[in-house]
Amino acid sequence: MSVMAASNTVKYGIVGVGMMGREHLINLYHLRSEGVAVVAIADPHLPSQKLALDLAHSFNWPIKVFSGHRELLDSLLCDVVVVSTPNMTHYQILMDIINHRKPHHVLVEKPLCTTVAHCKEVVNAARKRQDMLVQVGLEYRYMPPVAKLIEIVKGGSLGQVKMVAIREHRFPFLVKVNNWNRFNINSGGTLVEKCCHFFDLMRLFAGANPVRVMASGAIDVNHKDEIYNGKVPDIIDNAYVIVEFDNGSRGMLDLCMFAEGTKNEQEISVVGEIGKGEAFVPESIVRFGTRVDGRNGVQTLKAENDQIKYDGLHHGSSYLEHLHFLSAIRAKAKAPAVDLHDGLVSVAIGVAAQLSIEKGRFVTIEEVMN
Ligand SMILES: NC(=O)c1ccc[n+]([C@@H]2O[C@H](COP(=O)([O-])OP(=O)(O)OC[C@H]3O[C@@H](n4cnc5c(N)ncnc54)[C@H](O)[C@@H]3O)[C@@H](O)[C@H]2O)c1
């Protein structure tokens, strides 16, 4: 039997139901007791539509299927729209949602857009819509060990943060629908596409704004034997990036995407004047200690969050992201937890890093912002 959405149910539409869109669908299903339902999807790719429809049917959710976001918006069926389409499509889809006569709250996947100019246009357009909340999917903030480390840092036990080092060593980019993620023009480049997560965390830990960026990176191992419409992918697969902040603290990213033989995909280290904290994903461990107590005083915690009903692909962070966004919507909050400005700055750092590799010099944030 189909379950129709009750009148107080928050109704979601998902634009783009590839890997991440279906992940949102499953997460929202696990939030059904919170009064949410997915009522519509939009995707031009029939195999993605079918996979999403099969999932929705297995959840007894009678969803409407559209081939494009405009039809979904015009149906007026949704209160919230999740945008999980390829990066280069975010800009137009967001502008159409923001300019639509019906207000829709939006959760847009990272990166906000592939260029700073497009991010800024979206920020400016959204400013005029006080009736909408737009959250950017920088969900690493919600991963239990990362969230615990944020709590430790913000609680002041490490003192003033001076250094933030983030290492991501992982597997290569997965295959995507129509291979959109193989080219910088579509994804914004590796340092925008995926590393916006880490630049967002650096900024959060540093509690400051980025000033300038220096990066070195290349495509050295992956995708070199792939050809799409006669073109070899141009996305880098490893890099070191240094980010300087306006309070004198600095961050460093160490990215390697041919490092399957690693225990933790992400290792984050934050060092302040008083102490040091570390988070390990997926081990879900946090360590912290102080200079005074030394090595013997280092504590190790298992980071868990019993609110998570579905771990999914990202260790429960998508679930918590939705839970928090839903409360912001219900509370009629003025701003979501991760807003468009956070989305813009995380992209700007990535763009500066990509440009730094190209130019072989420091690139200031001012340079990419203007
Ligand atoms: N939060 C995370 O850590 C995380 C992880 C993976 C992907 N993502 C992001 O999610 C987004 C989608 O990535 P994915 O891995 O699901 O890619 P995907 O290729 O698996 O799916 C994208 C889907 O969007 C559809 N699509 C393309 N253009 C569209 C349009 N104009 N309107 C509606 N649908 C359209 C495609 O047909 C496809 O089904 C990207 O922005 C990506 O960066 C985020």
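Computed from a predicted structure; not experimentally measured.

**Here we look at the sheet that holds strand E6 (residues 134–137)**
Thinking step 1. What the six strands build is an open sheet, ordered E3-E2-E1-E4-E5-E6; its pairing is parallel. Of all strands in the sheet, those with a lone pairing partner are strand E3 (64–66) and E6, marking the two edges. Across this sheet, the average inter-strand angle for adjacent strands is 25°, counted without regard to direction.
Thinking step 2. Together, strand E1 (10–15), strand E2 (36–42), strand E4 (80–83) and strand E5 (105–109) form the strand contacts of helix H1 (residues 19–29), whose direction differs from that of E1 by roughly 165°.

**Some points on the site of the ligand**
Thinking step 1. By nearness alone, 25 residues border the ligand, and Met20, Asp43, Ser48, Asn87 and Lys176 come closest of all.
Thinking step 2. Note that an oxygen atom of the ligand is positioned 3.0 Å from one of the side-chain N or O atoms of Lys110.
Thinking step 3. Take Glu139: an N or O atom from its side chain is 2.9 Å from a nitrogen atom of the ligand.
Thinking step 4. Against a free-state accessible area of 850 Å², the protein chains account for coverage of 89% of the ligand.
Thinking step 5. Of all the elements in the fold, those that place two or more residues in the shell around the ligand are H1 and helix H4 (90–98).

**Observations regarding the nonpolar core**
Thinking step 1. Counting residues in hydrophobic clusters, the biggest one holds 116 residues, and the most contacted among them are Trp61, Leu112, Leu191, Phe205, Val241 and Leu253.
Thinking step 2. Among the elements that take part in this core, helix H11 (residues 340–359) stands out by supplying eight residues, more than any other.
Thinking step 3. Split by domain, the residues of this core number at least three in each of domain 1 (10–138 + 324–339) and domain 2 (140–307 + 341–369).
Thinking step 4. Look past the residues within four positions of Trp61 in its chain and what remains in contact with it is Leu25, Leu28, Tyr29, Arg32, Val36, Ala37, Val38 and Ala56.

**Quick notes on the side chain of Ser284**
Thinking step 1. Take Ser284: it is sitting in the loop between strand E12 (275–281) and strand E13 (285–290).
Thinking step 2. Dropping the residues within four chain positions of it, Ser284 is found in contact with Pro144, Pro145, Leu301, Lys302 and Ala303.

**Thoughts on the packing of aromatic side chains**
Thinking step 1. Applying the stated criterion across every chain yields a total of five aromatic pairs.
Thinking step 2. Centre to centre, the rings of Phe183 and Tyr228 are 6.1 Å apart; their planes meet at 85°, and the pair counts as edge-to-face. Within this pair, whereas Phe183 is found in the loop between strand E7 (161–169) and helix H7 (184–187), its partner Tyr228 is found in the loop between strand E8 (210–218) and strand E9 (238–245), the two being separated by 45 residues in sequence. Note on accessibility: Phe183 and Tyr228 belong to one class, buried.

**Focus: the UniProt feature "domain: Gfo/Idh/MocA-like oxidoreductase N-terminal" (unreviewed entry) in the protein chain**
Thinking step 1. The UniProt feature table records "domain: Gfo/Idh/MocA-like oxidoreductase N-terminal" (unreviewed entry) at residues 11–137.
Thinking step 2. As annotated, residues 11–137 has a helix share of 40% and a strand share of 22%, and its two end C-alpha atoms lie 19 Å apart.

**Describing the packing of H1 against helix H10 (residues 317–330)**
Thinking step 1. Axis separation between H1 and H10 bottoms out at 10 Å; the angle between their running directions is 65°. Considering only the axes of H1 and H10, their crossing is right-handed. Here H1 contributes Met20, Glu23, His24, Asn27 and Leu28 to the contact with H10, which in turn contributes Ser318, Tyr319, Glu321 and His322.
Thinking step 2. Its residues placed into classes, the contact of H1 with H10 shows three nonpolar, four polar and two charged.

**Topic: the pairing of E8**
Thinking step 1. Summarising the sheet, E8 and E9 pair through eight bridges and their orientation is antiparallel. Each residue of the ladder has a partner; that of Met214, found in E9, is Ile242.
Thinking step 2. Here two bridges tie E8 to strand E15 (residues 363–364), and the two strands are oriented antiparallel to one another. Each residue of the ladder has a partner; that of Val213, found in E15, is Val363.

Calculation rules
- Residues numbered from 1 in each chain as written.
- Predicted model: local features only at pLDDT ≥ 70, side-chain atom pairs only at ≥ 80, totals over all residues.
- Heavy atoms only, no water.
- Pairing = 2+ DSSP bridges.
- Helix = DSSP H or I, 4+ residues; strand = E, 2+ residues; numbered from the N terminus.
- Axes fitted to C-alpha atoms, helices over the stretch in contact; angles between N-to-C directions.
- Contact = heavy atoms within 4.5 Å.
- Near = heavy atom within 4 Å.
- Polar contact = N/O pair within 3.5 Å; in protein donor to acceptor, adjacent residues only side chain to side chain.
- Areas by Shrake-Rupley, 256 points an atom, 1.4 Å probe, with all protein chains shown as cover.
- Core = buried A, V, L, I, M, F, W, Y, C linked by side-chain atoms within 4.5 Å.
- Buried < 20%, exposed > 50% of the residue type's maximum accessible area, 1.4 Å probe, protein only.
- Domains from an automatic or database assignment.
- Phe/Tyr/Trp six-rings, centres within 6.5 Å; stacked < 30°, edge-to-face > 60°.
- UniProt positions renumbered as here; feature names shortened; annotations may be inferred.
- Left-handed = near helix turned anticlockwise from the far one by under 90°.
- Nonpolar A, V, L, I, M, F, W, Y, C, P; charged D, E, K, R; others polar.

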